Amino acid sequence: MKTRQTLALGLSAAIALGSGAAQAQQMLSTWLEPNHIITLEAHQGWADLVREATNGEIDFEVFVGGALIPAKSTMQGTADGLAQVGFHTATYTPSDLPVSNALADMGFETPDAYVMSFAFGDFMMNDEEGYDDWRKNGVIFGGSYATPIYYFICREEVKTLDDIKGKRVRMPGGGWARFGQEIGVVGVNVPSSEIYTAFERGSVDCTASDPTHLSSGATLMEVAKTVTMLKMSPFYAGVTYAYNPDFWQGLTDEQRRMLFDQSARAMARMQIHYDKEAEAALEKAKEAGVTLIEPGESLQKAYDDWVAGGVGGMADIARDTHGIEDPEALYARFRPYVEKWEGLLETVDRHDEEALTALIRENLFDPIDVSSYGMN
């Protein structure tokens, strides 16, 4: 496994390799940690799959932790050829990716990580406006991801709307922050790396986070008492594989198809791993004495009403902040992709790697013409 974190090594390698057609070794840049699920499955795991499928003809070295390119610069650095593939989060560069950011809160309507991951990727690769959102920034969209859905993890019982009003809650921004304002919480800006300490000191009462934070990373089950199982949106507004155009266009059709095939498997493994990790984290938390609480009627109704009322002004933000002229038209084009993947996923065991890989490959990647996609 070749995963590096040294910036000097990365830059010297970039100078030596440059961009262009596939060579003996290429580089993938991510700002995530080496043990992150996306790194393990969608990046290092994918690089291993690609190396094996090509007998080493395409050989990605994975640079983690922003060692090659800092997080906010990954898209630009990949476009410039510092990496041949980059992992980029759209919310880090909102002015550059207005369409992706305008769609970032649609998961509150459909809080399903699998659906939103594949629907978002499908849209970005097939809708002209979605595709251009990335292409105009010098990269080619090549795959998607989604975290598990977010819940409220708290230091004390939170079941009703009255329970959470006035609580100091760490919100990750976006729709989560708007929903927090709607239900009367006091938003607290705390980096994920500091949530544990904030809980321990009592400066934060709750956090809106995915369940994996209970047993890994922040290991919140050591300081949390409850998890309120209010299903909020997963996070999915980003690209797992942003391709440098010179690299992509220098490949043969067979190589591009192979990358898509391996992406389907890596994406399936990533979502399965995420899902199993979230389930295991909740189980470990229960065993450690953390209580899982179903939301009371008042809290659930507040959430449902907020979503039905427009996800806290989602369309206004898309128009006024992201410059989308007709947000409702954008949402109307995106929703059929969500419905498509809701239907497809009803027919498959989500933890069956072979079945899920085939579903992604056949319904996301296979319909794409690799001789023309990304060649503009």
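Residues numbered from 1 in each chain as written. Predicted model: local features only at pLDDT ≥ 70, side-chain atom pairs only at ≥ 80, totals over all residues. Heavy atoms only, no water.

Caption draft 1: Quick look at the pattern of salt bridges. Scanning the entire structure with this criterion turns up 20 salt bridges. In this structure, arginine 269 and glutamate 353 form a salt bridge, with 2.9 Å as the shortest nitrogen-oxygen distance. Of this pair, arginine 269 sits in helix α12 (residues 253–287) while glutamate 353 is found in helix α16 (residues 353–365), placing the two residues 84 residues apart along the sequence. For glutamate 353, a relative accessible area of 24% puts it in the partly exposed group. Each of Arg265, Arg269, Glu353 and Glu354 takes part in one network of salt bridges that share partners. (Salt bridge = Lys/Arg side-chain N within 4 Å of Asp/Glu carboxyl O. Helix = DSSP H or I, 4+ residues; strand = E, 2+ residues; numbered from the N terminus. Buried < 20%, exposed > 50% of the residue type's maximum accessible area, 1.4 Å probe, protein only.)

Caption draft 2: Quick look at the pairing of strand β3 (residues 60–63). Burial along β3 is two-sided: the residues Phe60 and Val62 and Glu61 and Phe63 are all buried. The handedness of the strand β2 (residues 26–29) to β3 crossover, carried by helix α2 (residues 37–53), is right-handed. (Right-handed = clockwise from strand over helix to strand, strands pointing away.)

Caption draft 3: Here's a closer look at the layout of surface pockets. Considered as a void within the structure, the largest pocket measures approximately 1300 Å³ in volume. Around the largest pocket sit 46 residues that line it, and Trp31, Tyr150, Arg170, Ser192 and His213 are the ones nearest its centre. If you list the elements that add at least two residues to the lining of the largest pocket, you get α2, β4 (85–89), α4 (98–102), α8 (174–182), α10 (212–215), α12 and α14 (314–320). Residues of the lining of the largest pocket, tallied by class, amount to 22 nonpolar, 18 polar and six charged. In this model, the second largest pocket occupies a volume close to 300 Å³. Together, 19 residues line the second largest pocket, and Ala113, Pro148, Ile149, Tyr151 and Asp275 are the ones closest to its centre. For the lining of the second largest pocket, the secondary-structure elements that each account for two or more residues are α5 (113–126) and α12. Here the element with the most residues in the lining of the second largest pocket is α12; it accounts for six residues. (1 Å grid on protein atoms, 1.4 Å probe; cavity = no way out; pocket = protein on both sides within 12 Å on 5 of 7 lines; lining within 4 Å. Points joined across faces, edges and corners; volume = space filled by probe spheres on them. Nonpolar A, V, L, I, M, F, W, Y, C, P; charged D, E, K, R; others polar.)

Caption draft 4: View of the sheet that holds strand β10 (residues 226–228). Taking strand neighbours across the sheet as the criterion, the six strands line up as β8-β7-β9-β6-β10-β12 in an open arrangement whose pairing is mixed. The two strands at the open ends of the sheet, each matched to only one other strand, are β8 (186–188) and β12 (291–293). The mean angle between the axes of side-by-side strands here comes to 25°, regardless of whether they run parallel or antiparallel. Judged from the three bridges that link them, β10 and β12 form a sheet pairing that is parallel. When the sheet's bridge partners are listed, valine 227 is paired in β12 with leucine 292. (Pairing = 2+ DSSP bridges. Axes fitted to C-alpha atoms, helices over the stretch in contact; angles between N-to-C directions.)

Caption draft 5: Representation of unusual backbone geometry. Positive phi values are uncommon outside glycine, yet asparagine 55 reaches one of about 55°. Residue asparagine 55 is classed as exposed on the basis of its relative accessible area of 74%. For valine 311, which is not glycine, the phi dihedral falls at a positive 50°. Among the structural elements, valine 311 can be located in the loop between α13 (297–308) and α14. Residue classification places valine 311 among the buried residues on the basis of a relative accessible area of 0%.

Caption draft 6: Up close: the environment of threonine 91. Along the chain, threonine 91 turns up in the loop between β4 and α4. For the pair threonine 91 and tyrosine 337, spaced 246 residues apart in the sequence, the C-alpha separation amounts to 21 Å. Once residues within four sequence positions are removed from consideration, threonine 91 is found in contact with Asn101, Phe235 and Ala237. (Contact = heavy atoms within 4.5 Å.)

Caption draft 7: Quick look at the nonpolar core. Residues Trp46, Phe60, Leu103, Phe152, Met232 and Leu259 are the most contacted members of the largest nonpolar core, which totals 104 residues. When sequence neighbours within four positions are dropped, the list of residues in contact with leucine 103 reads Phe120, Phe123, Met124, Tyr236, Leu330, Tyr331 and Phe334. Tyr151, Val223, Val227 and Leu282 belong to the second largest nonpolar core, which has 18 residues in total. (Core = buried A, V, L, I, M, F, W, Y, C linked by side-chain atoms within 4.5 Å.)

Caption draft 8: The arrangement of the side chain of threonine 240 in detail. Mapped onto the fold, threonine 240 is located in strand β11 (residues 238–243). Judged by its relative accessible area of 0%, threonine 240 is buried. Within the structure, the side chain of threonine 240 is placed 2.9 Å from the backbone oxygen of serine 144, a separation counted as a polar contact. If we ignore the near neighbours within four places in the chain, the residues touching threonine 240 are Ala42, His43, Gly86, Phe87, Gly143, Ser144, Tyr145 and Met270. (Polar contact = N/O pair within 3.5 Å; in protein donor to acceptor, adjacent residues only side chain to side chain.)

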